[in-house]
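# A closer look at the structure
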Amino acid sequence: WTEPLSPGAQVLRQYATAHTDSLLAGIHAIAAQAPFRQMQTPGGYTMSVAMTNCGTAGWITDRKGYRYSTTDPLSGQAWPAIPADFRSLAQAAALAAGFPAFQPDACLINRYQVGAKMALHQDRDEPDLTAPIVSVSLGLPATFLWGGLQRSDKVLKVPLLHGDVVVWGREARLVFHGIAPLKAGQHPLLGEARLNLTFRQAL
Ligand code: MD5
Ligand code: FE
């Protein structure tokens, strides 16, 4: 079922549930080529979330800033391709939320271990802000922090569970958002971790 979170954002509860085994197998294969790593922020902090990417472009951060790169800085090679089933799932979710023309070319894969978090931020490194973002949650539950267009706006807490998909676009595309520190737990497929796939049009 779907819940409108706020104008422009739809939570598709359990939309990915039938696909989680193949998503996890795909992530495993991607991480064998492009390992999860904790990147540096421009301010010199090490992110608590470990990241890798698949797609024509991948999101990276280092002392020089946030950006998309067509190569993995660890290997100098192209990122692994987005598996066909990842892409069709993201496109079907976008269509279900009213975005029929979504052509994701970047998929950031975030790995949260217990205590890892993502501070409140906006996603604004993409050139076409009319394209939505599709996110898929796997593993341990997370508390999504859903703010407004100003950093100071009140933040709503939304639980995101294994198999949930969220589509963000239009009025919601530039909202401040984050993830609260991951609580301890054991997921039957993922153990003490949460994975999040974030599909974007970055080129
Ligand atoms: C996560 N990832 O669960 C979170 C949430 C990120 C990021 O925020 O930038 O890697 S995915 C939810 C999300 C993604 C893009 C836009 C919006 C939410 N939004 O407009 O609220 O690892
Ligand atoms: Fe984000």
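Refer to the structure above for everything that follows.
So, a few notes on the structure that sits alongside this text. Model, not experiment: these values are computed from the prediction.

### Details of the overall build of the protein chain
On a plain count of helices and strands, the protein chain comes out with two helices and 13 strands. For the protein chain, whose C-alpha radius of gyration is 16 Å, the value lies close to the compact-globule estimate of 17 Å for 203 residues. For the protein chain, the C-alpha atoms occupy an extent of roughly 40 × 40 × 35 Å along the three principal directions. For the protein chain, buried positions account for 52% of its 203 residues. The long-range fraction of contacts in the protein chain, counting pairs at least 24 apart against all pairs at least 6 apart in sequence, stands at 72%. In the form shown here, the protein chain has an accessible surface area of approximately 9,400 Å², with 57% of it arising from carbon and sulfur atoms. Positive and negative charge centroids in the protein chain, built from 17 and 14 side chains respectively, lie 6 Å apart.

### Focus: the packing of helix 1 (residues 20-33) against helix 2 (residues 84-96)
At their nearest, the axes of helix 1 and helix 2 sit 10 Å apart, and the two run at 130° to each other. Looking at the two axes, helix 1 sits oblique to helix 2. Here helix 1 runs over helix 2; the crossing is left-handed. Along its contact with helix 1, which presents Ser22, Leu23, Gly26, Ile27 and Ile30, the element helix 2 presents Asp85, Phe86 and Leu89. For the contact of helix 1 with helix 2, the residue count by class is five nonpolar, two polar and one charged.

### Quick look at the side chain of Arg200
Note on placement: Arg200 falls in strand 13 (residues 193-200). In terms of polar contacts, Arg200 uses its side chain to reach the side chain of Asp123, at 2.6 Å.

### What to know about helix 1
Over its 14 residues, helix 1 extends 20 Å from the first C-alpha to the last, a length consistent with the 20 Å expected when each residue adds 1.5 Å. Along helix 1, the positions that sit buried rather than exposed are Thr20, Leu23, Leu24, Gly26, Ile27 and Ile30. On an axial view of helix 1, the arc spanned by its buried residues comes to 160°, and they lie on one face. Exposed residues on helix 1 whose side chains face more than 90 degrees from its buried face are Asp21, His28, Ala32 and Gln33. Residues of helix 1 that are buried make contact with strand 3 (50-55), helix 2, strand 6 (106-113), strand 8 (133-139) and strand 13.

### Quick look at the state of the cysteines
As enumerated under the stated definition, the model contains zero disulfides in all. Take Cys54: it sits in no disulfide, and the sulfur closest to it among the cysteines is that of Cys107, at 3.9 Å.

The rules behind these values
Residues numbered from 1 in each chain as written. Chains lettered and ligands numbered in written order. Predicted model: local features only at pLDDT ≥ 70, side-chain atom pairs only at ≥ 80, totals over all residues. Heavy atoms only, no water. Helix = DSSP H or I, 4+ residues; strand = E, 2+ residues; numbered from the N terminus. Rg over C-alpha atoms; globule rule 2.2 N^0.38 Å. Buried < 20%, exposed > 50% of the residue type's maximum accessible area, 1.4 Å probe, protein only. Contact = heavy atoms within 4.5 Å. Areas by Shrake-Rupley, 256 points an atom, 1.4 Å probe, with all protein chains shown as cover. Lys, Arg positive; Asp, Glu negative; His and termini not counted. Charge placed at Lys NZ, Arg CZ, Asp CG, Glu CD. Axes fitted to C-alpha atoms, helices over the stretch in contact; angles between N-to-C directions. Parallel < 35°, antiparallel > 145°, perpendicular 65-115°, else oblique. Left-handed = near helix turned anticlockwise from the far one by under 90°. Nonpolar A, V, L, I, M, F, W, Y, C, P; charged D, E, K, R; others polar. Polar contact = N/O pair within 3.5 Å; in protein donor to acceptor, adjacent residues only side chain to side chain. Expected span 1.5 Å × (residues − 1). Arc of directions from axis to C-beta. Disulfide = S-S within 2.5 Å.

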